[in-house]
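# Results of the structural survey
Below, each chain spelled out in residue letters.
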Amino acid sequence: MKIVIVKNYNELSAAAALMIADVLRCVNNPVLSLATGSTPIGAYAELVNAYRDNKISFKNVLTFNLDEYVGLPATDGNSYRAYMNKHLFDNVDIDKDNTNLPDGTADDLEQECKRYSALLEKHPRHLQLLGLGRNGHIGFNEPGTRFDSVTHVVELTPDTIKANSRLFADGAVPRRAVTMGIKDIMAAKRIVLLASGENKARAVYNTVKGRVSDSCPASVLQTHPDATLIADMEAAHEIV
């Protein structure tokens, strides 16, 4: 795994955006897999600025998001569809018909998982963007998730619910989500993992220095042929 350590969150955001922008410039029909949460927001802002400066275009881009909460419709302001619209899709020239998220309101969630996994298999991703959970989760693949997992419904851990509650005005985070599996994530040609802040330092250490184990799902990235960790100094202090 390649490790890039930067001074602060702003530098992290710029570095991540640059890697994504390089794919947009170098690939005719880029397929991106995108993450949500607080960490990628700065990178999305950098990409929006680059688009407004006519440096990049999303016109031919196909996207797949990692996950979506169970029970939240796309119109809910706390849904990941709403997040992506706010931070990226509404601000660039992407065709929203080319943007894909799991449907957390599907009547048959098992069938929805199969549908999404089939889409991912049909469209290999050129770049997978990831945030790092405090317990080492990637997507919503919590500790104990099998490395051969594909899209599935997950019960969120109390730690993940607590971490995400700051993003909900009433603190009422859904208890379940539909998430890409680790096998789906690992199928991307390139993976970029972002980590910012002191509270991610132990997860960064376990991801990079720990043994490859489902107790830290992100540790599987050690086995990927083209994975990059971008971490700020606070998140990286245990590995330097």
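Reference entry: report on the structure contained in this document. Small disclaimer: the values here were computed from a predicted structure and weren't measured.

### Focus on the sheet that holds strand S6 (residues 127–131)
Here 7 strands make up an open sheet; going across it, the order is S1-S10-S9-S6-S2-S3-S5 and the pairing parallel. The open sheet has two edge strands, strand S1 (2–6) and strand S5 (99–100), and neither has a second partner. In the sheet, S6 pairs with strand S9 (residues 191–195) via 4 bridges, with the strands oriented parallel. Opposite Gly131, over in S9, you have Leu194 as the bridge partner. Helix-sheet contacts for helix H1 (residues 9–26) involve S1, strand S2 (31–34), S6, S9 and strand S10 (227–232), and the interaxial angle to S10 is about 155°.

### Some details on the nonpolar core
Leu32, Tyr44, Leu47, Phe58, Tyr69 and Leu88 are the most contacted members of the largest nonpolar core, which totals 41 residues. The biggest single contributor to this core is H1, with 8 residues. Not counting chain neighbours up to four residues away, the residues in contact with Tyr44 comprise Leu34, Ala35, Tyr83, Met84, His87, Leu88 and Leu129.

### Regarding the pairing of S10
Taken across its 6 residues, S10 has 6 buried, putting it largely inside the fold. Burial along S10 is two-sided: Ala227, Leu229 and Ala231 facing one way and Thr228, Ile230 and Asp232 facing the other are all buried. Taken together, the 5 bridges between S1 and S10 define a ladder with parallel strand orientation. Counterpart to Ile5 in the pairing with S10 is Ala231. In terms of strand pairing, S9 meets S10 through 5 bridges, oriented parallel.

### Comments concerning the sheet that holds strand S4 (residues 67–69)
Spatially, 3 strands are ordered S4-S8-S7 in an open sheet, and the strand pairing comes out antiparallel. Each having just a single partner strand, S4 and strand S7 (152–155) make up the two edges of the open sheet. Adjacent strand axes in the sheet meet at a mean angle of 25° when their direction is disregarded. Sheet topology places S4 next to strand S8 (residues 176–179); 3 bridges connect them, and they run antiparallel. Across the sheet, Tyr69 pairs through a bridge with Ala177, a residue of S8.

About the criteria used
- Residues numbered from 1 in each chain as written.
- Predicted model: local features only at pLDDT ≥ 70, side-chain atom pairs only at ≥ 80, totals over all residues.
- Heavy atoms only, no water.
- Pairing = 2+ DSSP bridges.
- Helix = DSSP H or I, 4+ residues; strand = E, 2+ residues; numbered from the N terminus.
- Contact = heavy atoms within 4.5 Å.
- Axes fitted to C-alpha atoms, helices over the stretch in contact; angles between N-to-C directions.
- Core = buried A, V, L, I, M, F, W, Y, C linked by side-chain atoms within 4.5 Å.
- Buried < 20%, exposed > 50% of the residue type's maximum accessible area, 1.4 Å probe, protein only.

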